[in-house]
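An overview of the molecular structure
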Amino acid sequence: MSKIKEPDFVVRLFFVILKLPFSLEGLFMTRLEKVRNSMKEQEIDGFIVYSPYNLRYLANFTGTTGFALITLTDAYFVTDARYTQQAQQQAQGFHVIEHKTGWVPAFEKIIRENDLKFVGFEADHVSVSQLEIFEDAFDTALIPTQNIVEKIREVKDAGEIQTIREACRISDAAFLHILDFIKPGVTEIQVANELDFYMRGLGATGVSFDTIIASGVRSSMPHGVASAKVIEKGDLVTLDFGCYYNGYVSDMTRTIAVGEPIDQLKEIHDVVLQAQLKVSEAAGPGKTGVELDKIARDYISSRGYGEYFTHSTGHGIGLEIHEAPNVSRIATQAFVPGNVITNEPGIYLPGVGGVRIEDDIIINETGGEVIQQVPRELIIL
C-alpha cells in the first residue's frame with residue numbers, strides 16, 4: 001500500500017529539482033490565468049463554471065455542490081454550508097462564499113458589484129431551464145461558450161500525467177490479478193466485481209466507467225457491459241476497464257482466451273494487435289487523429305476485416321473517460337506534448353466473437369509513450 005503514495009513524493013521532487021513553485025495556489029492560479037486569456041479572446045468579463053470536472057480542474061473542489069464565477073481580476077466559489085470548509089481548503093485562489101438563499105442570488109450580487117457586462121456560461125453544461133433562471137436573475141448579457149476549460153485540460157501537466165500513470169499502474173495490476181480468477185463457470189459480472197474490488201484495494205476510488213466483460217459471442221459487442229453469462233471453455237473474453245485515482249482515469253482493454261479458441265478468433269486477435277502496435281509506433285506530436293485512425297483502419301481493411309471495425313481508434317482521457325483530443329476519421333487536430341490518448345482498434349464478428357486491445361498513450365516531445373506494461377499478445381488460460 002505504501003507505493004500508492006509515491007507519486008506525490010515524486011511529483012514534489014520533480015518541481016523542487018526544477019526550482020518551480022509547487023504550491024497548489026500557484027498551480028491553480030496559472031489555470032485561472034489561462035481561462036482569463038480565453039475570456040479576453042471571447043470578449044467576456046465574467047465566466048460561470050458549471051461542470052463538476054471543470055470545477056475540480058480550476059478549483060481543486062471534490063464536493064458535489066459548488067459553482068464558480070471568474071472575472072478578469074477575481075474568482076469566486078459559491079457553495080452551501082455543507083461544503084464551506086472544504087471549499088476554503090481546496091479552492092485556492094478563489095473567494096469562497098457561503099450562500100444562504102441559493103447560489104444564483106449570490107452570483108447576481110457578484111455580477112452587480114463587479115459591474116460585469118458580458119458573462120459567459122458553459123453552453124454544453126447549462127440546461128435551457130437553468131439558462132432561463134440566469135436570464136431572469138442577471139442584469140447582464142449572457143454569452144454561450146464552449147470548451148474554454150476543456151481546451152486547457154487537453155494538455156496535461158507533470159502532476160496530471162503522474163496521476164494518470166498511477167491509475168494505469170493500478171489497472172495493470174488488476175489485469176494480472178484477474179488472469180488467476182477467470183475460469184470456466186465464472187460469470188462476467190463476477191469478473192467485473194473482482195476487478196473493481198481489487199483496484200479499490202490498490203487505492204482506486206472507483207471504476208472510470210461500467211466495466212465491459214464480454215465473453216464468447218458477446219465479445220462481438222464493443223460495449224458489452226458485464227452480464228450474468230457464464231464464461232465457457234473456448235471463449236474469447238474482452239476486458240475493457242479502468243479506475244479513478246485522485247480524480248484521473250485509466251482505460252485499458254485486453255482480449256484473452258479461456259481454452260483454445262477457433263482459428264478465426266486467433267486470426268482477428270493478431271490483426272487487431274498488429275494494427276494497435278502500428279498506431280502506437282506512429283503516435284507523436286504533429287500527428288492528427290485522422291492520421292492515426294487511418295493507420296489502424298487501413299491495416300484492418302487490408303486483412304479483410306474493415307467493415308467489422310465499427311468505432312473510432314481512440315479518444316483523450318483525463319478527468320473524464322472521454323475528452324479531447326480524439327483519434328477518429330474526423331479528428332483533424334494535431335497532437336501536442338501533454339495530450340493523453342487511447343489506442344483501441346477492434347474487430348467484431350456478429351455471432352462469432354470480437355477482439356479489442358487498448359492502451360493509453362502520452363504524447364511527448366519525441367513521440368508517444370505507451371503507459372500500460374502488461375502483455376497484449378493473446379493469452380490462453
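Named according to an unreviewed UniProt entry, the protein is Creatinase originating from Granulicatella adiacens ATCC 49175.

1. Details of the nonpolar core
Judged by nonpolar contacts, the single largest core of 35 residues is most densely connected at Val35, Phe47, Leu58, Ile70, Phe77 and Phe94. When residues of this core are traced back to their parent elements, those giving at least two are helix 2 (24–41), strand 1 (46–49), helix 3 (52–59), strand 2 (67–71), strand 3 (75–79), helix 7 (148–153), helix 8 (158–178) and strand 11 (248–249). Top contributing element to this core by residue count: helix 3, with 4 residues. Non-local contacts of Val35, meaning those with residues more than four positions away in its chain, are made with Phe47, Leu58, Ile70, Ile148, Val149 and Ile152. Leu179, Ala204, Met252 and Ile379 belong to the second-largest nonpolar core, a separate cluster that totals 27 residues.

2. Overview of the pattern of salt bridges
Pairs may arise between side chains of opposite charge once their charged atoms sit close together. A full pass over the atoms with the stated rule returns 24 salt bridges. Residue Arg169 is joined to Glu166 by a salt bridge in which the shortest nitrogen-to-oxygen separation is 3.1 Å. You can see Arg169 and its partner Glu166 sitting in helix 8, 3 residues apart, about one turn around the helix. Judged by its relative accessible area of 5%, Glu166 falls in the buried class. The salt bridge involving Arg254 is made with Asp359; its shortest N-O contact spans 2.8 Å. Taken together, the positions of Arg254 in strand 12 (residues 252–258) and Asp359 in strand 18 (residues 359–363) put the pair 105 residues apart, joining distant regions of the chain. A single burial state applies to Arg254 and to Asp359, both of which are buried.

3. Section: the side chain of Arg376
Position of Arg376 relative to the elements: it lies in the segment after strand 19 (368–370). For Arg376, the side chain forms a polar contact with the side chain of Asp359, separated by 2.5 Å. A polar contact is formed between the side chain of Arg376 and the backbone oxygen of Gln372, at a distance of 3.0 Å. Sequence-distant contacts of Arg376, that is, excluding residues within four places in its chain, are made with Arg254, His269, Leu273, Gln276, Leu277, Ile357, Asp359 and Val370.

4. Let's talk about the side chain of Asp45
In this fold, Asp45 is placed in the loop between helix 2 and strand 1. Of the side chains bearing the opposite charge, Lys117 lies closest to the buried Asp45, which forms no salt bridge; the N-O distance is 7.4 Å. At 2.9 Å, the side chain of Asp45 forms a polar contact with the backbone nitrogen of Lys117. Dropping the residues within four chain positions of it, Asp45 is found in contact with Met39, Ile70, Thr71, Leu72, Asp115, Leu116, Lys117, Phe118 and Val119.

5. A short note on unusual backbone geometry
Note the cis peptide between Ala324 and Pro325, where omega equals 0°. Despite not being glycine, Asn60 has its phi angle at roughly 60°, a positive value. Checked against the element boundaries, Asn60 lands in the loop between helix 3 and strand 2. With phi around 50°, Asn246 is a residue other than glycine that occupies positive phi space. Asn246 sits in the partly exposed class, given a relative accessible area of 37%.

6. A few points about the UniProt feature "domain: Peptidase M24" (unreviewed entry) in the protein
When the UniProt feature table is mapped onto this chain, "domain: Peptidase M24" (unreviewed entry) is found at residues 163–365. As a span, residues 163–365 carries 32% helix and 25% strand, and end to end its C-alpha atoms are 19 Å apart.

7. Brief notes about the packing of helix 5 (residues 103–113) against helix 6 (residues 128–137)
Helix-helix packing is described using two parameters, namely the angle between the two axes and the distance between the axes. As a packed pair, helix 5 and helix 6 sit with axes 10 Å apart at the nearest point and diverge in direction by 45°. Considered as vectors, helix 5 and helix 6 are oriented oblique to each other. The interaxial crossing formed by helix 5 with helix 6 has right-handed handedness. Contacts from Trp103, Val104 and Glu108 in helix 5 reach Gln130, Ile133, Phe134 and Ala137 in helix 6. Of the residues that constitute the contact of helix 5 with helix 6, the class distribution is 5 nonpolar, 1 polar and 1 charged.

8. Considerations on the domain arrangement of the protein
What the domain assignment reports for the protein is domain 1 (31–153) and domain 2 (155–370). The distance between the C-alpha centroids of domain 1 and domain 2 comes to 35 Å. Across the contact, 7 residues belong to domain 1 and 12 residues belong to domain 2. Of the roughly 820 Å² buried where domain 1 meets domain 2, counting both sides, 37% is carbon and sulfur surface.

9. Structural notes on the sheet that holds strand 5 (residues 118–122)
Taken in spatial order, the 6 strands line up as 4-3-2-1-5-6 in an open sheet, and their pairing is mixed. For this open sheet the edge positions go to strand 4 (95–98) and strand 6 (141–145), each flanked by a neighbour on one side alone. When strand polarity is set aside, the average angle formed by the axes of neighbouring strands in this sheet is 25°. The strands touched by helix 5 are strand 1, strand 2, strand 3, strand 4 and strand 5; relative to strand 2, the strand with the most contacts, the crossing angle is about 10°.

10. Quick word on the UniProt feature "domain: Creatinase N-terminal" (unreviewed entry) in the protein
Those residues carrying the UniProt feature "domain: Creatinase N-terminal" (unreviewed entry) are residues 31–155 in this numbering. Within the segment residues 31–155, helix and strand shares are 42% and 22% respectively, and the terminal C-alpha atoms sit 11 Å apart.

11. Things to note about helix 11 (residues 289–302)
Over its 14 residues, helix 11 extends 20 Å from the first C-alpha to the last, a length consistent with the 20 Å expected when each residue adds 1.5 Å. The set of residues buried in helix 11 consists of Gly289, Leu292, Asp293, Ala296, Arg297, Tyr299 and Ile300. Considered in projection along helix 11, the buried side chains sweep an arc of 165° and stay on one side of the axis. On the buried face of helix 11, the contacting elements are helix 10 (263–282), strand 14 (323–327), strand 15 (340–343) and strand 16 (346–349). Two residues or fewer after helix 11 comes Gly304, characterised by a positive phi angle close to 90°.

What counts, and at which threshold
- Residues numbered from 1 in each chain as written.
- Predicted model: local features only at pLDDT ≥ 70, side-chain atom pairs only at ≥ 80, totals over all residues.
- Heavy atoms only, no water.
- Core = buried A, V, L, I, M, F, W, Y, C linked by side-chain atoms within 4.5 Å.
- Buried < 20%, exposed > 50% of the residue type's maximum accessible area, 1.4 Å probe, protein only.
- Helix = DSSP H or I, 4+ residues; strand = E, 2+ residues; numbered from the N terminus.
- Contact = heavy atoms within 4.5 Å.
- Salt bridge = Lys/Arg side-chain N within 4 Å of Asp/Glu carboxyl O.
- Polar contact = N/O pair within 3.5 Å; in protein donor to acceptor, adjacent residues only side chain to side chain.
- Lys, Arg positive; Asp, Glu negative; His and termini not counted.
- UniProt positions renumbered as here; feature names shortened; annotations may be inferred.
- Axes fitted to C-alpha atoms, helices over the stretch in contact; angles between N-to-C directions.
- Parallel < 35°, antiparallel > 145°, perpendicular 65-115°, else oblique.
- Left-handed = near helix turned anticlockwise from the far one by under 90°.
- Nonpolar A, V, L, I, M, F, W, Y, C, P; charged D, E, K, R; others polar.
- Domains from an automatic or database assignment.
- Buried area = accessible area lost by both parts, 1.4 Å probe.
- Pairing = 2+ DSSP bridges.
- Expected span 1.5 Å × (residues − 1).
- Arc of directions from axis to C-beta.

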